Every structure is written in C-alpha cells, then in structure tokens.
Amino acid sequence: MFCNQCEQTAKGTGCDKIGVCGKKADVAALQDLTVYALRGLALAALKKGDESNNLGHFTSKMLFTTLTNVNFTPEDFQKFINEIVAHRKALDVHFQSGPGAFEPAETIEGLIAQGEAHSIKNFDTDEDIRSAKQLLLYGMKGLCAYADHAAVLGQQDTTVYHFVYTGLAAGYDGEERDLQAWLGLCLKCGEVNLRAMELLDAANTGTFGHPEPTEVPLGHVPGKAILVSGHDLQDLYLLLKQTEGKGINIYTHGEMLPCHAYPELKKFDHFYGHFGTAWQNQHKEFPEFPGAILFTTNCIQKPQEVYKDNVFTTGLVGWPGLTHIGPTKDFTPVIERALAQPGFTDTADKGSVLCGFGRNTVMSVADKVIDGVKAGAIRHFFLVGGCDGAKPGRNYYTDFVEQTPQDTVVLTLACGKFRFFDKKLGDIGGIPRLLDVGQCNDAYSAIQIAVALAGAFECDVNELPLSLVLSWYEQKAVVILLTLLSLGIKDIRLGPSLPAFVSPNILNVLVENYGIKPISTPEEDLKAILG
Ligand code: FSO
Ligand code: SF4
C-alpha cells in the first residue's frame, strides 16, 4: 500500500505497510480503485453531458468515502466500486481503454489486485506533476465532503459537480497538461470549493437558523446519554427528534460542538452539552462515556474493545463489525443501546464554553469591532484554525493562543480549537477575545467575516490586521487552503508539518507566490506578525 494524504502519514513520507490511521492495505487498494472507477464515471458524465444532481451527488459521496478516517470496511468499497461502474454503464457511452472501460473483478481479492495497479504512487514519474496531481485529488476529496454535506440538506450546484468530473477526468481526458496547468486545476478546485462551502452555509443556516452565541456545558447531568460525533447537522437533528421524551440526553463530541448554537437544534431540551475534546482522543475519552456513540462523518478511529459495542456509524462512515444506520435514519438501535447502558448517575460541573460566532453574529457587532480597531483597542485579529491531530508539535497552537496580547482577538474554527477552546481569554469592550466561528465546514463564514472587515476598512484582505495560523490534518483542510490561495490570501502560517505530498518545487511556488510559511515557535511568529 501507499498513502500520504494526511498529516500523520508514516515517517512524514507515506504509509506503506499499514496506515497510522488504522487503514489496512486492502482498504487502501480498494480506495485507490474507487478513485479510478470514479475517473471512468467522470469521463462518461462529461462525454454524455450529464448535468444531473443525482449523479453529481453520488460521485461526491463516493469520493468522500476515501477521505481520511471515514470508512474502513472492505465490503463497503466492493459495493461502492460496483455501483460506480453500474452508474457509468447506465450513461451508455463507451471507451476503448483506461478508467472509462474499467471492468471490476468479481472477488474482493481481485479488486484489491486491481487497486494496487492504480496506486497514487504511480500517478506520474515526474515528482512535481505527481505532487500536483495528488494535491488536486486530495483537494477534491475535501471539496466532495463539503458538496455532500450541502446536498444532504438540498443545496446543490451543477457547476460544482461539473468541476468534480473535470478534476477526476484530468489525466485521462486526452488533454496534455504541464505543471502550470495542473496547479491551475488545483486553484480552480479551491475556487469551486468556495461555492460548495457557500452552499453548505446556506444549507445549514437555511435549515437550522444562524448560529447565535451559546454557552455549552462541558460536564454532564444524570440520565441516559448518546454522544454524537462527526460533522452532520441533519443526522443530529433526526436523532434529537427520535429521542424526544425518552429520558436520554444528547451530547456533542468533537466537531459537533458548534451545533449547540443553531436555533433549530438548541431548542431541544435534551440537547445537553459537550463531551470530550478532539477526535484523536477518543480512545482515552470514549471508555468514560456511559451511553451510545454515533459517528456521522469522519473522524472515526479503531473502536477499542471496551466501548466497541456502544459505537454506531451512519452516512458514509464504516468500521468492520459495527452496526450501521442506513439511509432510513432509523436510530432505534442507538437509542436501545443508550437505554441499556447506565448513563450518567451524577452531576459534573466542568465549566462551559461559548460558541456560535458565525458570520451573522460577528457582523451584527461589526460596528463595535470596527470602532475598536479604529480606537486602537483591537490591535490585531488571528484566525487560529484547522484540524487537531495526534502528532507532537501541536502544542504550538495552545501556546500561541495563550501568548496573544490582550489587545488582540482570536477567531477559531474546526477541531484544532480543542487545544485552547476552554481558555478564558477575557473580552475587549464586551467582544470576547476568543470567538468560535464553528466547524471546519464553516470556513466560509470566517472568509465572509474577513471580506466584510476588508470592505469596512476599504482595503484588501491581505492589508487587514489579520493573520492566519492554520493547522491541517486531512483533506478538507487541504481544500480550504486551496480556497484561501484562490482568493489571493497571503502569508498563511501552516503546521504542524508541511504535507508529504508537496514536492520541494511546488513548495517553492507556494512560498514565492503566496508567502506560505511553516510555523516556527509561538514567540517568534507572534513577534514577526506584530512587529
Ligand atoms: Fe477535525 Fe477530523 Fe473538521 Fe477534519 S474532526 S480533522 S478538518 O476531519 O473535519 O476539523
Ligand atoms: Fe496514512 Fe493518513 Fe493515509 Fe491513513 S490516511 S493511511 S494515516 S496517510
């Protein structure tokens, strides 16, 4: 196997025996084959001129399954590959060779052998072209995750799906591309992702209302309990509906924390609080949870024996042997498990955190913020966001936030915030110094805040007193970075380490054109930023 798509990749170069994430060689090969089969479907969709949302959403879902920490079940991929090929054949356009003519083997062993022949390692003999092709593929995985989330709530745009086909078909569509052209596709992927994230923002706020500042308890109360992880608001809503009046409290885990701020979700009395921290701590934290646990999207880790029977998956998530809740979204098995577990028997007050500072809330106090900057009360804004992860070096982000001066404001989003989300940083004239914009899925909101500030100050985003200090782990972070680059945003600091799939020459392009910098130490970076 070979996989280098995430930040925790083995030795910083690539997982070649077993994934650090727990992905085995069979699933790695089946995921590579899923991508190859999707290339064939994309070629056929382009040739046919298929503009249907159904096929676009299906393609996005299938690519999303290959994102880090989503699905680890070989049989699921066998099913996906056959479905992809069936969709391609239904389009009734024919190719002589390549992915458009791909015939899947009948057995899972046969599919694994086919997948090994399409390893990302063999993308190209030229290191830079290979690197650009990988950057594009990983960016598209992130893009498809966001497109899927938006589509689940009815927001779709054929231009997004058209680009997904174009990006998947690239390399097999008969067009010669040099490095410049491949990098152009990467930036285009970032640009299209802004549209996908805009759709997702419209989907979430249109369905559940605009997030509002909300205090979320970190402790627990007596009662049966279900913990919801992942990123999917709709799954949480359906679970809240199905558990009403059953004496079960619902807790969020990881990236579900910002859900507490949505009016249509927070209205449920049994939607209680938040449990635990970021995804990589689940082995430590889940044994302590006395109820059922539901994974709605990434980031699942190998369930430990002691809590395995409590864990359920839904949507695209899969782990061999776990009970999966299918598209009917009948959560009865989860509810029954929660009722059979002891639940919490005591009350624990572990403080609280404030969330819900999406674009609507921040913009409603824009005048105050602008006055604060003009009067010198607010010297600088930092966006400290992105993923958390298990590798060392991520303390940087905790230290960085702790060391930000009192006259600065920290905006944050995604699971990287769990390094500092409960720090009491105080406020500046009533504006909290730590503002939680939401999930990584809410990066659009953060971009809109920056654009609005630039508008108010009549300057370019790059001229704002704003610095981006980002952490990455998986492919959604890759596409957000591409979106920021496509918007011309410069001088981003990126850590904890740079992606293994970025070649030295491509890194040079990023440094020279966009001023991307690896993080150094909080002290040095703060000094450099604040002069
Ligand atoms: Fe974190 Fe995981 Fe949201 Fe990522 S939960 S690491 S960027 O999948 O998706 O922020
Ligand atoms: Fe390794 Fe990351 Fe790929 Fe998992 S997703 S196999 S940890 S590079």
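Owing to the predicted nature of the structure, the values given are computational and were not obtained by experimental measurement.

I'm lost on unusual backbone geometry in this one. Help?
Glycine aside, negative phi is the norm for most residues, and most peptide bonds take the trans geometry. Here N298 and C299 are connected by a cis peptide whose omega angle stands at 25°. Relative to the elements of secondary structure, C299 occurs in the loop between β5 (292-295) and β6 (311-314). Look at K11: it is not a glycine, yet its phi comes out positive at around 55°. Counting through the fold element by element, K11 comes out in the segment before α1 (25-48). The backbone of D491 shows a phi angle near 60°, a positive value even though the residue is not glycine. Considering the arrangement of structural elements, one finds D491 in the loop between α16 (475-486) and β15 (493-495). The exposure class assigned to D491 is partly exposed, which follows from its relative accessible area of 42%.

Help me out: how do you make sense of the domain arrangement of the protein in this one?
How large an interface is tends to be reported as the accessible area lost when its parts come together. When the domains of the protein are assigned, the result is domain 1 (10-206), domain 2 (214-340) and domain 3 (356-530). The C-alpha-based centres of domain 2 and domain 3 are spaced at 29 Å. Counting residues at the interface gives 19 residues for domain 2, matched by 20 residues for domain 3. The junction of domain 2 with domain 3 conceals about 1400 Å² of combined surface from both sides, 63% of it contributed by carbon and sulfur atoms. If you sort the residues of domain 2 by the area they bury against domain 3, E255, W279 and Q280 come out on top, with a joint share of 37%. Counting every contact that joins domain 2 to domain 3 gives 0 salt bridges.

Help me understand the environment of G12, please; the structure alone is not making it clear to me.
Inspection of the secondary structure puts G12 in the segment before α1. Taking relative accessible area as the criterion, G12 reaches 38% and is therefore assigned partly exposed. Remark: the alpha-carbon pair of G12 and K121, spanning 109 residues in sequence, is separated by 15 Å.

What is the right way to look at the packing of α1 against helix α2 (residues 53-64) in this model?
Each pair of packed helices can be described by the angle between their axes along with the distance between the axes. Relative to each other, α1 and α2 sit at 160°, their axes nearing to 10 Å. For the element pair α1 / α2, the angle class is roughly antiparallel. Between α1 and α2 lies a crossing whose hand is left-handed. Facing α1, whose interface residues are T34, V35, L38, L41 and A45, α2 presents L55, F58, T59, M62 and L63.

Any chance you could explain the site of ligand 1 here in plain terms?
The local shell around ligand 1 consists of H231, E255, W279, N298, C299, C387, A414, C415, C440, E474 and K476. For ligand 1, an oxygen atom lies 2.7 Å from a polar atom in the side chain of H231. Taking C415, its main chain carries an N or O atom lying 3.3 Å from an oxygen atom of ligand 1. Residues belonging to the shell around ligand 1 are distributed by class as follows: 6 nonpolar, 2 polar and 3 charged.

Explanation requested: the UniProt feature "binding site: [4Fe-4S] cluster" (unreviewed entry) in the protein in the structure shown.
Per the UniProt record, the feature "binding site: [4Fe-4S] cluster" (unreviewed entry) sits at C3, C6, C15 and C21. Annotated residues spanning 19 residues; largest pairwise C-alpha distance 10.6 Å, indicating a single compact cluster. As for its position among the elements, C6 is in the segment before α1. The class for C6 is buried, based on a relative accessible area of 8%. When residues no more than four places from it in sequence are discounted, the contact partners of C6 are T68, W472, Y473, E474 and Q475. Structurally, C15 can be placed in the segment before α1. Here C15 falls in the buried class, since its relative accessible area comes to 6%. When near neighbours in sequence (up to four residues on either side) are disregarded, C15 contacts M1, F2, C3, T9, A10 and V20.

Could you clarify how one ought to interpret the packing of helix α5 (residues 127-152) against helix α17 (residues 504-514) in this entry?
With their axes 8 Å apart at the nearest point, α5 and α17 run at an angle of 65° to one another. Each of E127, D128, S131 and A132 in α5 lies in contact with α17, whose residues at this interface are P504, N505 and I506. Partitioning the contact of α5 with α17 into residue classes produces 3 nonpolar, 2 polar and 2 charged.

Sorry, what's going on with the sheet that holds strand β4 (residues 271-274) here?
Where strands meet in a sheet, backbone hydrogen bonds hold them as pairs that are either parallel or antiparallel. Pairing in this open sheet of 6 strands is parallel, and the strands run β4-β3-β2-β5-β6-β7 from one edge to the other. A single partner strand is all that each edge strand has here, and the edge strands are β4 and β7 (323-325). If you compare each strand with its neighbour and ignore which way they point, the axes differ by 30° on average. Two elements, β6 and β7, share 3 bridges in a ladder whose sense is parallel. Bridging from a neighbouring strand, T313 pairs with H324 of β7. Packing of helix α8 (residues 233-243) onto the sheet brings it into contact with β2 (224-229), β3 (248-252), β4, β5 and β6, and relative to β3 it is tilted by some 165°.

The rules behind each value
Residues numbered from 1 in each chain as written. Chains lettered and ligands numbered in written order. Predicted model: local features only at pLDDT ≥ 70, side-chain atom pairs only at ≥ 80, totals over all residues. Heavy atoms only, no water. Helix = DSSP H or I, 4+ residues; strand = E, 2+ residues; numbered from the N terminus. Buried < 20%, exposed > 50% of the residue type's maximum accessible area, 1.4 Å probe, protein only. Domains from an automatic or database assignment. Contact = heavy atoms within 4.5 Å. Buried area = accessible area lost by both parts, 1.4 Å probe. Salt bridge = Lys/Arg side-chain N within 4 Å of Asp/Glu carboxyl O. Axes fitted to C-alpha atoms, helices over the stretch in contact; angles between N-to-C directions. Parallel < 35°, antiparallel > 145°, perpendicular 65-115°, else oblique. Left-handed = near helix turned anticlockwise from the far one by under 90°. Near = heavy atom within 4 Å. Polar contact = N/O pair within 3.5 Å; in protein donor to acceptor, adjacent residues only side chain to side chain. Nonpolar A, V, L, I, M, F, W, Y, C, P; charged D, E, K, R; others polar. UniProt positions renumbered as here; feature names shortened; annotations may be inferred. Pairing = 2+ DSSP bridges.

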